Amino acid sequence: MSTPKPAPLLTILQQVQQGIVRCTRCTRLREYGENIGRVKRRMYRDQEYWARPVPGFGDPNARIHVLGLAPGAHGANRTGRPFTGDASGDFMYDVLHELGLATKPKAVSRDDGLKLRKLWISSVVRCAPPGDKPTPQEVRNCAPHLTAEIAELKKVRVVVCLGKIAWDGFLAHLLAQGVIERRSAYTFSHGAEYMLPNGLHLLGCYHPSLRNTNTGRLNRPMFAKVFVRALELSA
Ligand code: SF4
């Protein structure tokens, strides 16, 4: 009788992802996400919601790290993968695909076969917050997950922050790590670009939320331009 093969050892990045999925640090957010998963949106009533914290996703050898705000209540909180299954993702993945950073133009579910090339996507808060507004304490609670994830993304050269909350969350990480001395030296705007003391490039981009894309505050050329620049800087 042959001996069964041992289960493959998880990489540290995979262990970080598992730790995120099991996290219960924010009672309000966990209750909210689970409740959304029970009640569901009508059009998704036949689906089983993920309704847990959403780990990062992409290429472990990524050179570009895209940092968003938090999972959408009926997007990533439903599918379990960042920006998958909602309008923000529809807008974003189409551009990423055109630039060769994603293998498909649309992200539908965790098992849709979409892969990212040289890109990692995550968020500063891993659970869907009511009204897309996490409290400052919830952002702080989630910061250790970001720090642990960044420590394992060793080839990243460029960080693209989607929106001010992601920007501030990343700056808080840099401050805590002693990379920067003060946040005020780094102002968020769409197209903002900074070279950080640790050699990383930081780019600002409006979040591709419906609020921004429907009002024309963010359009496809504006969004694509940031990622073209990220590709140049990461080369
Ligand atoms: S938001 Fe982050 S810290 Fe809070 S429960 Fe979710 S994964 Fe944990």
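Above this text is the structure in question.
One structure accompanies this document, and this report is about it.

Thresholds applied
- Residues numbered from 1 in each chain as written.
- Predicted model: local features only at pLDDT ≥ 70, side-chain atom pairs only at ≥ 80, totals over all residues.
- Heavy atoms only, no water.
- Pairing = 2+ DSSP bridges.
- Helix = DSSP H or I, 4+ residues; strand = E, 2+ residues; numbered from the N terminus.
- Contact = heavy atoms within 4.5 Å.
- Axes fitted to C-alpha atoms, helices over the stretch in contact; angles between N-to-C directions.
- Buried < 20%, exposed > 50% of the residue type's maximum accessible area, 1.4 Å probe, protein only.
- 1 Å grid on protein atoms, 1.4 Å probe; cavity = no way out; pocket = protein on both sides within 12 Å on 5 of 7 lines; lining within 4 Å.
- Points joined across faces, edges and corners; volume = space filled by probe spheres on them.
- Near = heavy atom within 4 Å.
- Sits in = over half its atoms within 2 Å of the grid points.
- Nonpolar A, V, L, I, M, F, W, Y, C, P; charged D, E, K, R; others polar.

### Considering the sheet that holds strand S3 (residues 119–123)
Pairing between sheet strands relies on hydrogen bonds along the backbone, with the strands arranged either parallel or antiparallel. A sheet is described by the order of its strands in space; here six strands give the open sequence S1-S3-S2-S4-S6-S5, paired in mixed fashion. Lying at the two open borders of the sheet, with one neighbouring strand each, are strand S1 (57–58) and strand S5 (193–195). Relative to S3, S1 runs antiparallel, the two being bridged by two bridges. Its bridge partner being in S3, Gly58 is matched across the sheet by Trp120. Where helix H5 (residues 136–152) meets the sheet, its contacts fall on strand S2 (64–68) and S3, and the angle it forms with S2 comes to roughly 170°. Against the sheet, helix H8 (residues 220–234) makes contact with S2, strand S4 (158–162), S5 and strand S6 (201–205), and its axis sits at roughly 175° relative to S6, the strand it touches most.

### Remarks on the pairing of S2
The buried fraction of S2 is high, at five of five residues. Going residue by residue along S2, you find Ile64, Val66 and Gly68 tucked away on one face and His65 and Leu67 tucked away on the opposite face as well. Strand direction decides the pairing type here: S2 and S4, joined by four bridges, are parallel. When the sheet's bridge partners are listed, Val66 is paired in S4 with Val160.

### A word on empty space enclosed by the protein
Enumeration according to the criterion identifies one cavity of 30 Å³ or more in this entry. Lining the largest cavity are Cys23, Arg25, Cys26, Leu29, Arg30, Pro53, Val125, Arg126, Cys127, Asn141, Cys142 and His145. Elements supplying a minimum of two residues to the lining of the largest cavity: helix H2 (27–39) and H5. Looking at the lining of the largest cavity element by element, the count peaks at three residues for H5.

### Re the site of the ligand
In the vicinity of the ligand, the residues found are Cys23, Arg25, Cys26, Leu29, Arg30, Pro53, Val125, Arg126, Cys127, Asn141, Cys142 and His145. Most atoms of the ligand, that is more than half of them, are within 2 Å of grid points of the largest cavity. Of the residues that constitute the shell around the ligand, the class distribution is seven nonpolar, two polar and three charged.

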